[in-house]
Amino acid sequence: MTAEELSRKVRGLELRARKMTGGLISGAYHSAFKGRGIEFLDVREYVPGDDTRTIDWNVTARAGHPFVKRYAEERDETVMLLVDGSLSMRFGSGDMAKCDTAAEIFAILASAAVQNHDHTGLILFSKDVDLYVRPACSGLHLLRMIREVLAYQPREGGTDIARALEFLGRVRRRRSLAFLISDFLGRGFDKPLRAQAQHHDLIAVPVYDPRESQLPDCGLIDFEDAETGEIWTVDTSDEQVRGAHEREAWLRSDGLARVFRSAGVDALHIAAGSDYLSNLIAFLRLHAKRAA
């Protein structure tokens, strides 16, 4: 796309994300990912109804009447968004490809984080980590990250989720909130996922297309692997072929679920092009309860 087209697309996505993050999503995000604790601000005179556990007895003794301590929530959260931009993410059987849905999810989460005054960073990867945007917190920073996601072109085919997770471990030593948005078609990321989940609050966002698990009955169809370029012909009219494809997809999904459970990672599964907002809100609320 041209620079002008990209600029319009960036602004459109940013406005859409900002609209979506108003109200329920913003509140659910804040509840799910509060600050790390509280910090002391100052003291004030006690008024009826105050929690007596907050009385500052030293100040009270000096003043001769009760004073209570005031606290504020610490806003010391850093959010890292890892986005899979590999060629397999370009697949889409409906109105939106997986990469389009991933970009929208990214924009919503990043917008909610910025509105929550969280410093937010970006890791874009495919076979390798191609782009790292250091965490910051501003509207211009958000626009820059959205632009990078929409304009991203992988340098080579393939997906290496493990490498992206290991990169996260190198650039973020302090505990952070991390979202991993991918179709998770790569392999060998079990150990890095577990390692980063122990160090960070890591959440997986698998983006999938329904046609990846169900073949239509359309006769002979040529399929091309987006990342290797390999082409093969499948007889989709064969019931056994369709059944084998569904079983393989189920085994892959079941295996991925076991990997997430083993690593202690919460996962929000999103179908490309679906109306996922209610699921996102429910997920954030559930995560808040688990973290409480």
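Report on the accompanying structure. Keep in mind that what you see is a predicted model, and the values were worked out from it rather than measured.

## A closer look at the nonpolar core
Ranked by size, the top nonpolar core spans 48 residues in total, and within it Phe106, Phe179 and Ile181 carry the most contacts. No other element matches helix H4 (residues 98-115), which puts eleven residues into this core. Not counting chain neighbours up to four residues away, the residues in contact with phenylalanine 179 comprise Phe33, Val79, Met80, Leu81, Leu82, Leu109, Ile203 and Val205. If you look at the next biggest cluster of nonpolar residues, it comprises 24 residues, including Phe167, Leu168, Phe189 and Ala197.

## Quick look at the environment of glutamine 214
Secondary-structure assignment places glutamine 214 in the loop between strand E7 (201-208) and strand E8 (220-224). Sequence spacing of glutamine 214 and leucine 180 is 34 residues, and the spatial spacing of their C-alpha atoms is 25 Å. With residues near it in sequence (within four places) discarded, glutamine 214 still touches His245 and Glu246.

## As for the pairing of strand E4 (residues 119-125)
Counting buried residues in E4 gives six out of seven residues, a clear majority hidden from the surface. Assessed by its sense of winding, the connection that carries the chain from strand E3 (residues 78-84) through H4 to E4 is right-handed.

## A word on the pattern of salt bridges
Overall, the coordinates contain nine salt bridges when judged by the stated rule. We note a salt bridge from aspartate 160 to arginine 163, for which the minimum N-O separation is 3.7 Å. According to the relative accessible area criterion, aspartate 160 is buried, its value standing at 19%. The residue aspartate 254 makes a salt bridge to arginine 258 at a minimum N-O spacing of 3.3 Å. Taken together, the residues aspartate 254 and arginine 258, both in helix H8 (residues 239-263) and four residues apart, mark about one turn of the helix. Owing to a relative accessible area of 26%, aspartate 254 belongs among the partly exposed residues under this scheme. Residue arginine 258 is classed as partly exposed on the basis of its relative accessible area, which comes to 46%.

## Description of the packing of aromatic side chains
The full count for this structure, using the stated rule, is three aromatic pairs. Ring centres 5.8 Å apart and planes at 55° place the aromatic pair phenylalanine 184 and phenylalanine 189 in the tilted group. Residue classification places phenylalanine 184 among the buried positions, given a relative accessible area of 4%. Seen from their ring centres, phenylalanine 184 and phenylalanine 260 are 5.3 Å apart, and the 85° between their planes marks the pair as edge-to-face. Of the two residues, phenylalanine 184 is situated in the loop between strand E6 (177-182) and helix H7 (190-199) and phenylalanine 260 in helix H8; the sequence distance between them amounts to 76 residues. Ring pairs connect the aromatic residues Phe184, Phe189 and Phe260, which therefore count as one cluster.

## With respect to unusual backbone geometry
In this model, histidine 117 sits at a positive phi of 65°, which is unusual for a non-glycine residue. Here histidine 117 lies in the loop between H4 and E4. Judged by relative accessible area, which is 56%, histidine 117 ranks as exposed. A positive phi angle is found at phenylalanine 184, which is not glycine, with a value near 55°.

## What about the packing of helix H1 (residues 3-20) against H4?
Geometrically, a packed helix pair is captured by the angle between its two axes and the distance between the axes. The N-to-C vectors of H1 and H4 enclose an angle of 60°; their axes lie 8 Å apart at closest approach. Taken together, the axis directions place H1 and H4 in an arrangement best described as oblique. Seen from above, H1 lies across H4 with right-handed handedness. Within the contact between the two elements, H1 uses Lys9, Leu13, Arg16, Ala17, Arg18 and Met20 and H4 uses Asp100, Ala103, Glu104, Ala107, Ile108, Ser111 and Gln115. Grouping the constituent residues of the contact of H1 with H4 by class yields six nonpolar, two polar and five charged.

Calculation notes
- Residues numbered from 1 in each chain as written.
- Predicted model: local features only at pLDDT ≥ 70, side-chain atom pairs only at ≥ 80, totals over all residues.
- Heavy atoms only, no water.
- Core = buried A, V, L, I, M, F, W, Y, C linked by side-chain atoms within 4.5 Å.
- Buried < 20%, exposed > 50% of the residue type's maximum accessible area, 1.4 Å probe, protein only.
- Helix = DSSP H or I, 4+ residues; strand = E, 2+ residues; numbered from the N terminus.
- Contact = heavy atoms within 4.5 Å.
- Right-handed = clockwise from strand over helix to strand, strands pointing away.
- Salt bridge = Lys/Arg side-chain N within 4 Å of Asp/Glu carboxyl O.
- Phe/Tyr/Trp six-rings, centres within 6.5 Å; stacked < 30°, edge-to-face > 60°.
- Axes fitted to C-alpha atoms, helices over the stretch in contact; angles between N-to-C directions.
- Parallel < 35°, antiparallel > 145°, perpendicular 65-115°, else oblique.
- Left-handed = near helix turned anticlockwise from the far one by under 90°.
- Nonpolar A, V, L, I, M, F, W, Y, C, P; charged D, E, K, R; others polar.

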